[in-house]
Amino acid sequence: MSAPDPAGTSQPSLLLVIDPVAKLWDGESVRIARDVLCAGAPGVKLCLPDGPEETERALARRGSRRPVVVGDDRALLRAVRLLHRERELDEAVLSVVPVGAAETIAVTCGLGVPADAVSAARTVLDGVRQRLGLLIDDSGGVVLGGIRIPGPPYAEETAGLGGALRAKAALSRACRSRAAAQRLRVEADGELLADLDRPVREVSVSSPGSSNRPSAGGAPSLAQVTVRPEGRGRAGLVRTRANSVTVSGPDFRYRADALVGGPVRVRTWTALAGAWSLTLPG
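The shown structure was predicted, so the numbers you read here are calculated from the model rather than taken from an experiment.

Conventions and cut-offs
- Residues numbered from 1 in each chain as written.
- Predicted model: local features only at pLDDT ≥ 70, side-chain atom pairs only at ≥ 80, totals over all residues.
- Heavy atoms only, no water.
- Core = buried A, V, L, I, M, F, W, Y, C linked by side-chain atoms within 4.5 Å.
- Buried < 20%, exposed > 50% of the residue type's maximum accessible area, 1.4 Å probe, protein only.
- Contact = heavy atoms within 4.5 Å.
- Helix = DSSP H or I, 4+ residues; strand = E, 2+ residues; numbered from the N terminus.
- Polar contact = N/O pair within 3.5 Å; in protein donor to acceptor, adjacent residues only side chain to side chain.
- Pairing = 2+ DSSP bridges.
- Right-handed = clockwise from strand over helix to strand, strands pointing away.
- Axes fitted to C-alpha atoms, helices over the stretch in contact; angles between N-to-C directions.
- Parallel < 35°, antiparallel > 145°, perpendicular 65-115°, else oblique.
- Left-handed = near helix turned anticlockwise from the far one by under 90°.
- Nonpolar A, V, L, I, M, F, W, Y, C, P; charged D, E, K, R; others polar.

Chemist: Looking at this structure, I do not really get the nonpolar core. What am I missing?
Modeler: Side chains of a nonpolar character, in soluble globular proteins, are inclined to be buried together. Counting residues in hydrophobic clusters, the biggest one holds 48 residues, and the most contacted among them are Val 80, Leu 94, Leu 134, Leu 144, Trp 276 and Leu 278. Sequence-distant contacts of Trp 276, defined by excluding residues within four places in its chain, comprise Leu 76, Val 80, Leu 89, Leu 94, Leu 111, Gln 130, Arg 131, Leu 132, Gly 133, Leu 134 and Leu 144. Listed in part, the 24 residues of the second largest apolar core include Leu 135, Val 200, Ala 223 and Trp 269.

Encoded structure:
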């Protein structure tokens, strides 16, 4: 098992990418993060993009600079997806300062990043590089935390603070509502976990954990799969670990981190252990 790498070893200069939604949501936290990073690292390059396209251009032209994202889960996902698409995710070391409502930074904080701006910024400067796992779906989508079926009944890919607020409201309504049972076929590494003849209330798939730290189940390279059948209690609950999970059935939606996918009739997620690096507290 490899030890965490100090993020500061032969530390390159930083590219500080401030998501526009973060500036609108909590400008004070953005200012604090910027001041801490500029005071603690030489030659910080500041990027204030107006939208996703400018963010992608800045990351693509970062050179040797280490990217630091200031924003919510969507901002972090956007950076990871770009680096994955450009086949640069394996070598890059990402850092993030989470800024947003608690629901919109839950994935980032769940990975171990401090929630407050000062601690997160200090982690960027003094933290360690951790190799983390993720999920890739058969459409090229990237999932850092996990997926859940069913997803919210509807959602849109929206930009700006208004879009973020609408997405937050939709996800909050979905979390408060009781999930209707669905008829789904679930296979994990070819093993049938559920079939169309028995409705399920929920299917969840969690991405692999840190490759530097042993997981509770002792298998950080595999995704954890949970299938909850219709009805109350734990009777019929199925849990397993797998490299690949395929869900099929009538049109279904799913929540993948901060995004919503579907409707689709079939989707496969594959676990990739140690696929990317994030700066976390030592």
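Chemist: Explain the side chain of Thr 279 here, please?
Modeler: Tracing the sequence through the fold places Thr 279 in strand 15 (residues 259-280). The class of Thr 279 is buried, set by a relative accessible area of 3%. Looking at Thr 279, its side chain comes within polar contact range of the side chain of Ser 95, at 2.9 Å.

Chemist: Please clarify how the pairing of strand 5 (residues 93-98) should be interpreted in this entry.
Modeler: The two faces of the sheet receive side chains in turn, since in a regular strand these alternate between them. Among the six residues of strand 5, six are classified as buried, and the element is accordingly described as predominantly covered. Burial along strand 5 is two-sided: the residues Val 93, Ser 95 and Val 97 and Leu 94, Val 96 and Pro 98 are all buried. For strand 4 (residues 66-71) and strand 5, the ladder comprises four bridges, and the chain directions are parallel. Paired with Val 70 across the bridge in strand 5 is Val 97. Handedness of the crossover joining strand 4 and strand 5 through helix 4 (residues 73-85) is recorded here as right-handed. When strand 5 meets strand 15, the two strands line up parallel, connected through two bridges. Each bridged residue has a counterpart across the sheet, and for Leu 94 the counterpart in strand 15 is Leu 278.

Chemist: I'm lost on the packing of helix 2 (residues 27-40) against helix 6 (residues 117-126) in this one. Help?
Modeler: Any two packed helices are characterised by how steeply their axes cross, that is the angle between the axes, and by the distance between the axes. The contact between helix 2 and helix 6 brings their axes to 9 Å, and the two run at 30°. The orientation of helix 2 relative to helix 6 falls into the category roughly parallel. Pair helix 2 / helix 6 crosses with right-handed handedness. Counted together, Ser 29, Ile 32, Ala 33, Val 36, Leu 37 and Gly 40 of helix 2 and Ala 117, Val 118, Ala 121, Arg 122, Val 124 and Leu 125 of helix 6 form the full contact between these two elements. In terms of residue class, the contact of helix 2 with helix 6 is made up of nine nonpolar, two polar and one charged.

Keep in mind these values describe shape, not function.
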